[in-house]
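Structure assessment
So you can see what is in the structure, the chains are spelled out below.
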Amino acid sequence: MEYTSIPASRFEEVIRHLRLSFPDEPLNASVGLSLYGKPCSLLEQYDLSTLEEGLSVMAVDTYTNEIAGVLLNGTSKKGDIEEAIKRMETIDNIPYQQIFGLLNNVNKELDLFTKYKVDKIFEFRILAVDPKYRGQGVGKELFLRSEMIAAENGFKLMKVDATSFFTQKICDSFGFETIKTIRYGDYLDENGQKIYNTKSPHDYYKVMIKILHGKRND
Ligand SMILES: CC(C)(COP(=O)(O)OP(=O)(O)OC[C@H]1O[C@@H](n2cnc3c(N)ncnc32)[C@H](O)[C@@H]1OP(=O)(O)O)[C@@H](O)C(=O)NCCC(=O)NCCS
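This report concerns the structure included in the present document.

Cut-offs and rules
- Residues numbered from 1 in each chain as written.
- Predicted model: local features only at pLDDT ≥ 70, side-chain atom pairs only at ≥ 80, totals over all residues.
- Heavy atoms only, no water.
- Helix = DSSP H or I, 4+ residues; strand = E, 2+ residues; numbered from the N terminus.
- Buried < 20%, exposed > 50% of the residue type's maximum accessible area, 1.4 Å probe, protein only.
- Polar contact = N/O pair within 3.5 Å; in protein donor to acceptor, adjacent residues only side chain to side chain.
- Expected span 1.5 Å × (residues − 1).
- Near = heavy atom within 4 Å.
- Areas by Shrake-Rupley, 256 points an atom, 1.4 Å probe, with all protein chains shown as cover.
- Pairing = 2+ DSSP bridges.

Considering the arrangement of structural elements, one finds Gln-136 in the loop between β4 (120-129) and α7 (138-152). Classification of Gln-136 by relative accessible area gives exposed; the value is 53%. Only 3.2 Å separates the side chain of Gln-136 from the backbone oxygen of Lys-132, close enough to count as a polar contact.

This part takes up α7. Helix length check: α7 (15 residues) gives 21 Å between terminal C-alpha atoms against 21 Å at 1.5 Å per residue, within 8%. Within α7 the residues assigned to the buried category are Val-138, Gly-139, Leu-142, Phe-143, Ser-146, Glu-147, Ile-149 and Ala-150. Backbone geometry just downstream of α7 places Gly-154 in the positive-phi region, at approximately 75°.

Quick look at the site of the ligand now. For the ligand, the set of nearby residues contains 20 residues, the closest of which are Leu-127, Val-129, Gly-135, Gly-137 and Lys-140. If the ligand stood free it would expose 920 Å²; the protein chains cover 75% of that surface. For the shell around the ligand, the secondary structure elements donating two or more residues are β4, α7 and α8 (165-173). A per-element tally of the shell around the ligand places α8 first, with four residues.

Before going further, it helps to spend a moment on the pairing of strand β2 (residues 57-60). Side chains Val-57 and Ala-59 project from β2 onto one buried face, and the interleaved Met-58 and Val-60 project onto a second face that is buried too. Summarising the sheet, strand β1 (residues 2-5) and β2 pair through four bridges and their orientation is antiparallel. When the sheet's bridge partners are listed, Glu-2 is paired in β2 with Val-60. When β2 meets strand β3 (residues 67-77), the two strands line up antiparallel, connected through four bridges. Note that in β3 the partner of Val-60 across the bridge is Ile-67. Counting the residues that bridge the hairpin from β2 to β3 gives six residues, and of these Asn-65 lies at a positive phi of roughly 65°.

On their own, these measurements won't tell you what the molecule is for.
As structure tokens, this is what we get:
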């Protein structure tokens, strides 16, 4: 397996990879935002703007040149969450509101910029490994490479909105700290029905962070 940053020439391939690998993400699987094999323009706009930052990493099978996994990373700046919450009011898509509404509100409340006195945060945003390469350490290695990219780019704080139990395990193994835990089952609609029917072992959404102690550019 080869791990490299993602050149623009492979962005379309990354999008095709995500259409097959990301629908399993627990929140997506539960509310059906991205469906297997189908384009999801709201998510793909987000993926492409994140890719354009040049902080993302991919795993490529050296025998087939196929993308085995990706971790799309981006910068969150002060005020971005408030803007995203405003923009969401104009987006008429219930699954999108259910996922990003939850993530944005939790992050707004946490206000990590004030708490950790930073102007920018390195966000691990979209992690997806092709099902046939899962359970072989690809996700873990993508994390390790991403942490190196964060350090090289002078970030002081890294953050993961870990919606999957497997991502939480990876974060634990790299010394991330859990600063917020949300139990999916606690969210009910007006009829008392669960909003997020995630499958076990994906019972919690955790916000996990790690402070980097290297040279700072922010
Ligand atoms: C989450 C995901 C990227 C993990 O990728 P991966 O390459 O399989 O992960 P790794 O092989 O590095 O394993 C990471 C940890 O999860 C555990 N794990 C992974 N798949 C597992 C499975 N099916 N059952 C039990 N444990 C599993 C591994 O044992 C490892 O834990 P350990 O270090 O304690 O042994 C992959 O399952 C995926 O693409 N899922 C769909 C999209 C998604 O959920 N993205 C994450 C959003 S936060």
